[in-house]
Amino acid sequence: MALDHAILVSLLEKPGSGYELARRFERSIGYFWTATHQQIYRVLGRMESDGLLAVRAVPQEGRPDKKEYSVTGSGRTALADWLHKPIEPESLRHDLAVKIRGAAFDDPAALVREVERHRQAHRDRLEHYLAGELRDFTGPEAPAPPDAGQELQHVVLRGGIAFERMTIAWLDDVLATLERLAATGPAH
(Lines give C-alpha, C1' and ligand atoms only; values in the text may rest on other atoms or scores of the structure.)
Protein backbone atom coordinates (compact mmCIF):
# COMPACT_ATOMS: atom_id res chain seq x y z
CA MET A 1 0.00 0.00 0.00
CA ALA A 2 1.25 3.43 -0.80
CA LEU A 3 1.30 6.05 1.89
CA ASP A 4 -0.88 8.11 -0.45
CA HIS A 5 -3.82 5.76 0.08
CA ALA A 6 -3.47 5.77 3.85
CA ILE A 7 -3.42 9.59 3.78
CA LEU A 8 -6.48 9.75 1.53
CA VAL A 9 -8.42 7.44 3.86
CA SER A 10 -7.42 9.42 6.93
CA LEU A 11 -8.29 12.78 5.37
CA LEU A 12 -11.62 11.47 4.12
CA GLU A 13 -12.38 10.41 7.67
CA LYS A 14 -11.51 13.92 8.83
CA PRO A 15 -9.63 16.78 7.14
CA GLY A 16 -6.63 18.05 9.09
CA SER A 17 -3.18 19.54 9.18
CA GLY A 18 0.00 17.59 8.58
CA TYR A 19 0.61 17.55 12.33
CA GLU A 20 -2.91 16.26 13.05
CA LEU A 21 -2.50 13.63 10.36
CA ALA A 22 0.81 12.47 11.86
CA ARG A 23 -0.88 12.20 15.28
CA ARG A 24 -3.66 10.09 13.74
CA PHE A 25 -1.04 7.81 12.25
CA GLU A 26 0.47 7.41 15.70
CA ARG A 27 -2.92 6.78 17.30
CA SER A 28 -4.88 4.62 14.87
CA ILE A 29 -3.66 4.18 11.30
CA GLY A 30 -0.24 3.53 12.74
CA TYR A 31 -1.60 0.23 14.04
CA PHE A 32 -1.13 -1.04 10.50
CA TRP A 33 0.78 1.57 8.55
CA THR A 34 3.60 3.72 9.86
CA ALA A 35 5.14 6.85 8.44
CA THR A 36 7.43 9.52 9.81
CA HIS A 37 6.32 13.15 10.04
CA GLN A 38 8.79 13.96 7.26
CA GLN A 39 7.32 11.28 4.98
CA ILE A 40 3.80 12.52 5.63
CA TYR A 41 4.67 16.16 4.91
CA ARG A 42 6.58 15.22 1.75
CA VAL A 43 3.68 13.13 0.43
CA LEU A 44 1.12 15.81 1.37
CA GLY A 45 3.04 18.35 -0.73
CA ARG A 46 3.22 16.00 -3.70
CA MET A 47 -0.46 15.04 -3.41
CA GLU A 48 -1.42 18.73 -3.29
CA SER A 49 0.69 19.39 -6.42
CA ASP A 50 -0.98 16.41 -8.12
CA GLY A 51 -4.42 17.85 -7.36
CA LEU A 52 -5.45 15.04 -4.99
CA LEU A 53 -5.64 17.33 -1.97
CA ALA A 54 -6.90 20.85 -1.36
CA VAL A 55 -5.36 23.09 1.27
CA ARG A 56 -6.90 25.95 3.18
CA ALA A 57 -5.19 28.29 5.62
CA VAL A 58 -6.65 28.16 9.12
CA PRO A 59 -5.79 31.22 11.24
CA GLN A 60 -4.26 30.53 14.66
CA GLU A 61 -3.79 32.99 17.48
CA GLY A 62 -0.17 33.89 18.11
CA ARG A 63 1.11 31.38 15.55
CA PRO A 64 1.34 31.14 11.78
CA ASP A 65 -1.74 29.90 9.94
CA LYS A 66 -1.92 26.13 9.72
CA LYS A 67 -2.60 24.27 6.52
CA GLU A 68 -5.69 22.06 6.65
CA TYR A 69 -5.77 19.34 3.99
CA SER A 70 -8.86 17.77 2.50
CA VAL A 71 -9.42 15.33 -0.34
CA THR A 72 -10.45 16.67 -3.76
CA GLY A 73 -12.69 14.92 -6.28
CA SER A 74 -9.55 13.70 -8.03
CA GLY A 75 -8.30 12.30 -4.72
CA ARG A 76 -11.59 10.43 -4.19
CA THR A 77 -11.32 9.03 -7.72
CA ALA A 78 -7.72 7.91 -7.11
CA LEU A 79 -8.76 6.15 -3.90
CA ALA A 80 -11.78 4.53 -5.58
CA ASP A 81 -9.56 3.30 -8.44
CA TRP A 82 -7.16 1.76 -5.91
CA LEU A 83 -10.01 0.23 -3.88
CA HIS A 84 -11.28 -1.58 -6.96
CA LYS A 85 -7.90 -3.01 -7.99
CA PRO A 86 -6.89 -6.40 -6.65
CA ILE A 87 -3.85 -6.52 -4.41
CA GLU A 88 -1.55 -9.41 -3.69
CA PRO A 89 -2.18 -11.27 -0.44
CA GLU A 90 0.45 -10.19 2.05
CA SER A 91 3.25 -12.61 2.58
CA LEU A 92 4.60 -13.27 6.00
CA ARG A 93 8.29 -12.62 5.46
CA HIS A 94 9.38 -13.36 8.94
CA ASP A 95 13.02 -13.12 10.02
CA LEU A 96 12.22 -14.61 13.42
CA ALA A 97 10.75 -17.73 11.81
CA VAL A 98 14.00 -18.26 9.89
CA LYS A 99 15.99 -17.84 13.13
CA ILE A 100 13.75 -20.39 14.83
CA ARG A 101 14.35 -22.92 12.06
CA GLY A 102 18.05 -22.15 12.19
CA ALA A 103 18.14 -22.92 15.93
CA ALA A 104 18.17 -26.61 14.94
CA PHE A 105 21.80 -26.05 13.92
CA ASP A 106 22.86 -24.27 17.09
CA ASP A 107 21.74 -24.12 20.71
CA PRO A 108 17.93 -23.70 20.83
CA ALA A 109 18.20 -22.15 24.31
CA ALA A 110 20.22 -19.27 22.82
CA LEU A 111 17.08 -18.07 21.03
CA VAL A 112 14.79 -18.00 24.09
CA ARG A 113 15.58 -14.40 25.06
CA GLU A 114 14.98 -13.16 21.51
CA VAL A 115 11.62 -14.94 21.33
CA GLU A 116 10.69 -13.56 24.76
CA ARG A 117 11.56 -10.06 23.53
CA HIS A 118 9.29 -10.49 20.52
CA ARG A 119 6.52 -11.89 22.72
CA GLN A 120 6.71 -8.84 24.99
CA ALA A 121 6.58 -6.48 22.00
CA HIS A 122 3.42 -8.24 20.78
CA ARG A 123 1.94 -8.14 24.33
CA ASP A 124 2.61 -4.39 24.43
CA ARG A 125 1.03 -3.88 21.01
CA LEU A 126 -2.00 -5.98 22.03
CA GLU A 127 -2.46 -3.88 25.17
CA HIS A 128 -2.24 -0.72 23.04
CA TYR A 129 -4.85 -2.05 20.61
CA LEU A 130 -7.18 -3.12 23.44
CA ALA A 131 -6.87 0.31 25.09
CA GLY A 132 -7.68 1.97 21.76
CA GLU A 133 -10.65 -0.32 21.28
CA LEU A 134 -11.98 0.56 24.72
CA ARG A 135 -11.38 4.28 24.14
CA ASP A 136 -12.79 4.48 20.62
CA PHE A 137 -15.30 1.66 20.24
CA THR A 138 -16.46 -0.30 23.29
CA GLY A 139 -15.95 1.88 26.36
CA PRO A 140 -18.41 4.26 27.99
CA GLU A 141 -16.90 7.28 26.20
CA ALA A 142 -17.05 5.68 22.74
CA PRO A 143 -19.34 7.37 20.22
CA ALA A 144 -22.66 5.63 19.75
CA PRO A 145 -24.11 4.58 17.47
CA PRO A 146 -21.09 4.03 15.23
CA ASP A 147 -21.21 5.17 11.62
CA ALA A 148 -19.99 3.03 8.71
CA GLY A 149 -16.49 4.51 8.90
CA GLN A 150 -16.22 3.74 12.60
CA GLU A 151 -17.49 0.20 12.06
CA LEU A 152 -14.84 -0.38 9.40
CA GLN A 153 -12.13 1.14 11.60
CA HIS A 154 -13.21 -1.21 14.39
CA VAL A 155 -13.20 -4.31 12.21
CA VAL A 156 -9.63 -3.50 11.12
CA LEU A 157 -8.62 -3.01 14.75
CA ARG A 158 -10.26 -6.32 15.69
CA GLY A 159 -8.13 -7.95 12.99
CA GLY A 160 -5.02 -6.46 14.59
CA ILE A 161 -6.13 -7.70 18.01
CA ALA A 162 -6.72 -11.20 16.63
CA PHE A 163 -3.33 -11.16 14.89
CA GLU A 164 -1.51 -10.14 18.07
CA ARG A 165 -3.30 -12.81 20.10
CA MET A 166 -2.43 -15.44 17.49
CA THR A 167 1.20 -14.30 17.39
CA ILE A 168 1.50 -14.43 21.19
CA ALA A 169 0.03 -17.95 21.23
CA TRP A 170 2.50 -19.00 18.53
CA LEU A 171 5.43 -17.46 20.42
CA ASP A 172 4.31 -19.32 23.57
CA ASP A 173 4.43 -22.53 21.51
CA VAL A 174 7.89 -21.58 20.17
CA LEU A 175 9.17 -20.93 23.70
CA ALA A 176 7.84 -24.26 24.98
CA THR A 177 9.45 -26.06 22.03
CA LEU A 178 12.80 -24.28 22.45
CA GLU A 179 12.83 -25.06 26.17
CA ARG A 180 11.96 -28.70 25.54
CA LEU A 181 14.69 -29.02 22.89
CA ALA A 182 17.22 -27.25 25.10
CA ALA A 183 16.49 -29.75 27.89
CA THR A 184 17.10 -32.73 25.57
CA GLY A 185 20.61 -31.67 24.60
CA PRO A 186 22.54 -29.98 21.78
CA ALA A 187 21.20 -29.70 18.24
CA HIS A 188 22.72 -31.32 15.15
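Parameters and conventions
Counting restarts for each chain, with residues numbered from 1 along the sequence as it is written. Selection of residues for local features in this predicted model requires a pLDDT of at least 70, selection of side-chain atom pairs for listing and counting requires 80 or more, and totals for whole chains, interfaces and linings are taken over all residues. Side-chain numbers come from the whole structure's heavy atoms, not from hydrogens or water. Helix numbers and strand numbers start at the N terminus; a helix is a DSSP run of H or I with at least 4 residues, a strand a run of E with at least 2. Contacts were defined at the residue level, with two residues in contact if any of their heavy atoms lie within 4.5 Å. In this scheme, patches are assembled from residues that exceed 30% relative accessible area and form no salt bridge. Like charges are connected within 9 Å, while nonpolar side chains (Val, Leu, Ile, Met, Phe, Trp, Tyr) are connected within 5 Å. In these tables, accessible area is a Shrake-Rupley quantity obtained with a 1.4 Å probe, and a residue counts as shielded only by the protein chains included in the view. A pair is scored as a salt bridge if a Lys or Arg side-chain nitrogen falls within 4 Å of a carboxyl oxygen belonging to Asp or Glu. Three exposure classes are used, based on accessible area relative to the maximum for each residue type with a 1.4 Å probe and protein chains only: buried under 20%, partly exposed in between, and exposed over 50%. Helices are assigned an expected span. That span is 1.5 Å times one less than the residue count. Only buried residues count toward a nonpolar core. Its members are Ala, Val, Leu, Ile, Met, Phe, Trp, Tyr and Cys residues joined through side-chain atoms within 4.5 Å.

**Q** Which residues make up the side chain of Ser 17, and what values do they have?
**A** As for its placement among the helices and strands, Ser 17 is situated in the loop between helix 1 (3-13) and helix 2 (18-27). Discounting chain neighbours no more than four positions away, the residues touching Ser 17 are Lys 66, Lys 67, Glu 68 and Tyr 69.

**Q** How would you sum up a nonpolar patch on the surface? Please name residues and give values.
**A** On the surface, Leu 152, Val 155 and Val 156 cluster together to form a nonpolar patch covering roughly 260 Å² of accessible area. Mapping Leu 152 onto the fold places it in helix 7 (residues 148-184). The exposure class of Leu 152 is exposed, given its relative accessible area of 57%.

**Q** Can you lay out the pattern of salt bridges for me, pointing to particular residues and giving the numbers?
**A** Going through the model one piece at a time under the given rule, you end up with nine salt bridges. In this structure, the salt-bridge partner of Glu 68 is Arg 56, at a minimum N-O distance of 3.0 Å. With Glu 68 in strand 2 (residues 63-71) and Arg 56 in strand 1 (residues 53-60), this pair connects stretches of sequence that are twelve residues apart. Look at Arg 56 and you get partly exposed, because its relative accessible area is 47%. A salt bridge links Glu 114 to Arg 117, with the nearest nitrogen and oxygen atoms 2.8 Å apart. Taken together, the residues span about one helical turn, with Glu 114 and Arg 117 both in helix 6 (residues 112-138) at a distance of three residues. Each of Asp 4, Arg 46 and Asp 50 takes part in one network of salt bridges that share partners.

**Q** Before we move on, could you go through helix 6 and cite the residues and values that matter?
**A** With 27 residues, helix 6 extends 36 Å between its outermost C-alpha atoms, agreeing within 8% with the 39 Å of an ideal straight helix rising 1.5 Å per residue. Buried within helix 6 we find Val 112, Val 115, His 122, Leu 126, Tyr 129, Gly 132, Glu 133 and Phe 137. Along its buried surface, helix 6 packs onto helix 5 (95-102) and helix 7.

**Q** With reference to specific residues and values, describe the environment of Glu 26.
**A** Among the secondary structure elements, Glu 26 is positioned in helix 2. Along the backbone, Glu 26 and Tyr 129 are 103 residues apart, and their C-alpha atoms lie at a distance of 12 Å. Those residues within four positions of Glu 26 in sequence are excluded, and the remaining contacts are His 37 and His 128.

**Q** Quick rundown of the nonpolar core? Include the residues and the values.
**A** One finds Ile 7, Leu 11, Leu 44 and Leu 53 to be the most contacted residues of the largest nonpolar core, which totals 17 residues. Sorting elements by how many residues they give to this core places helix 1 first, with five residues. Apart from residues no more than four positions distant in its own chain, Ile 7 is found in contact with Leu 21, Phe 25, Ile 40, Val 43, Leu 44 and Met 47. Counting ten residues, the second largest nonpolar core, distinct from the first, contains Ile 100, Leu 111, Val 174 and Leu 178.

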